[in-house]
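This is what each chain is made of:
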Amino acid sequence: MDAQPRPADHDPLSVTGLGAAEGPCDPTPWLRQRKLRKFMGRQDDLAVVAAGRALESAGLGGAALGERAGLYLAVGFIPFEGDEIDALHAASAVDGHFSMRRFATEGYLAPNPLLTFRCLPNMPAFHVSINFDLQGPYLVTYPGAGQLYAALEEARVALETGAIDVALVGGVAHQRNFLVEHHVRRLGRPSETLEDAAGVLVLETAAHAGARGAVTRARLLDCVAGYRPWDPLAESPARDDRFEEAGLDLAGFGAASLPVALGRLPAGRHRHRLASGDGIEAASTWEIA
């Protein structure tokens, strides 16, 4: 990824909707088919609630968005609970040791079949799109805050080229579970600060937002992102994820950090800086109304 700075003569994109969700939440009020609830995990719940709140904030609650609306979503690390892993291991072990042969023939059948649907990174996008009738282009990327900038860039291009009228851009991360906490500790970072969260922005061009009489809650003034190659055997890339002037340290929110933070910032101009563990370096300036 190598997104160039937005030219100064471009109209800033308008944020007409902001929505966030944290911890356990109930997506039922936004579900068009409630029978799909059994397929939803924590990350799906969070994404649907955040998207529903963002669309209501934008004055689009209940609207059929159709082909002129796109979805651009960054999803966090795959979640899995410890007891589920223990059950899978027990069903895949021979003499107390994991057996790939037994796992491939018997062990994989042990978990509830619905468990797979609740873990897949593309499922939050599925549930958002089906419940809010998003039929336009989409992007699902994974797993951190740096990848959200890739989603933001795709949305920006689609809006400015006229491919879509409305873009939902967001991040969701289910991190308070055994697998993600274990992974973070292996990276040498504390797991106590991790949060389960989602944040979604509704983005439009200023012209489209004005034509439908939408309230502009924030504007994206500039955005740049790039990739710096690094040798994992020789160095550890710097990590940074914060709005400097506001003093917001966002590391615990993972892929959801930027959209969650935008809903907490006071009015004024704010600069976000990011250096992710996968080599992405990015920055953006937002003007909060």
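Along each chain, residue indices are assigned from 1 in the same order as the chain's sequence is written. At least 70 in pLDDT is required for a residue's local features to be given in this predicted model, at least 80 for side-chain atom pairs to be given and counted, and no such filter applies to totals for whole chains, interfaces and linings, which use all residues. To obtain the side-chain values, all non-hydrogen atoms of the structure were used and water was disregarded.

Trainee: When you look at unusual backbone geometry in this model, what are you seeing that I'm missing?
Mentor: Among all residues except glycine, the phi angle is most often negative; among peptide bonds, the trans geometry is most common. At the junction of Tyr142 and Pro143, the peptide bond is cis and its omega measures out at 0 degrees in the coordinates. Per the convention used, a helix needs a DSSP run of H or I reaching at least four residues, while a strand needs a run of E reaching at least two, with both numbered from the N terminus. In this structure, Pro143 sits in the loop between strand S5 (138–141) and helix H6 (145–160). In this structure, Asp133 is a non-glycine residue whose phi angle is positive, near 55 degrees. Examined against the element boundaries, Asp133 turns out to sit in the loop between helix H5 (123–132) and S5.

Trainee: Honestly, the pattern of salt bridges in this entry has me stumped. Any pointers?
Mentor: By convention in these notes, a salt bridge is any Lys or Arg side-chain nitrogen within 4 Å of a carboxyl oxygen on Asp or Glu. For the structure on display, the rule yields 14 salt bridges. Of the charged contacts, one joins Arg271 and Asp222 as a salt bridge, the two residues approaching to 2.4 Å between their closest N and O atoms. Here Arg271, found in strand S11 (residues 268–275), pairs with Asp222, found in strand S8 (residues 218–227); they are 49 residues apart in sequence, far enough to count as distant. For Asp222, a relative accessible area of 24% translates into the label partly exposed. The structure contains a network of salt bridges with shared partners spanning Glu153, Arg156 and Glu160. A 1.4 Å probe rolled over the protein chains alone gives each residue an accessible area, and that area as a share of the maximum for its type sets the label: buried under 20%, exposed over 50%, partly exposed in between.

Trainee: Explain the sheet that holds strand S6 (residues 166–173) here, please?
Mentor: Backbone-to-backbone hydrogen bonds pair the strands of a sheet. The strands run either parallel or antiparallel. What the 10 strands build is an open sheet, ordered S5-S2-S6-S7-S1-S8-S12-S11-S9-S10; its pairing is mixed. The open sheet terminates on both sides in strands that have one partner only, identified here as S5 and strand S10 (248–249). Between any two strands, pairing holds if DSSP finds at least two bridges. Alignment of strand S1 (residues 13–22) against S8, held across 3 bridges, turns out to be antiparallel. Within S8, the position partnered with Leu13 by the bridge is Leu220. Any pair of residues with heavy atoms lying within 4.5 Å of one another is described as a contacting pair. Orientation is described by axes fitted as lines to C-alpha atoms, over the contacting stretch for helices, and by angles from 0 to 180 degrees between their N-to-C directions. Against the sheet, helix H1 (residues 42–57) contacts S1, strand S2 (69–75), S6 and strand S7 (197–204), and its axis sits at roughly 140 degrees relative to S1. Sheet strands touched by H5: S2, S5 and S6. Its angle to S2, the strand with the most contacts, is close to 155 degrees.

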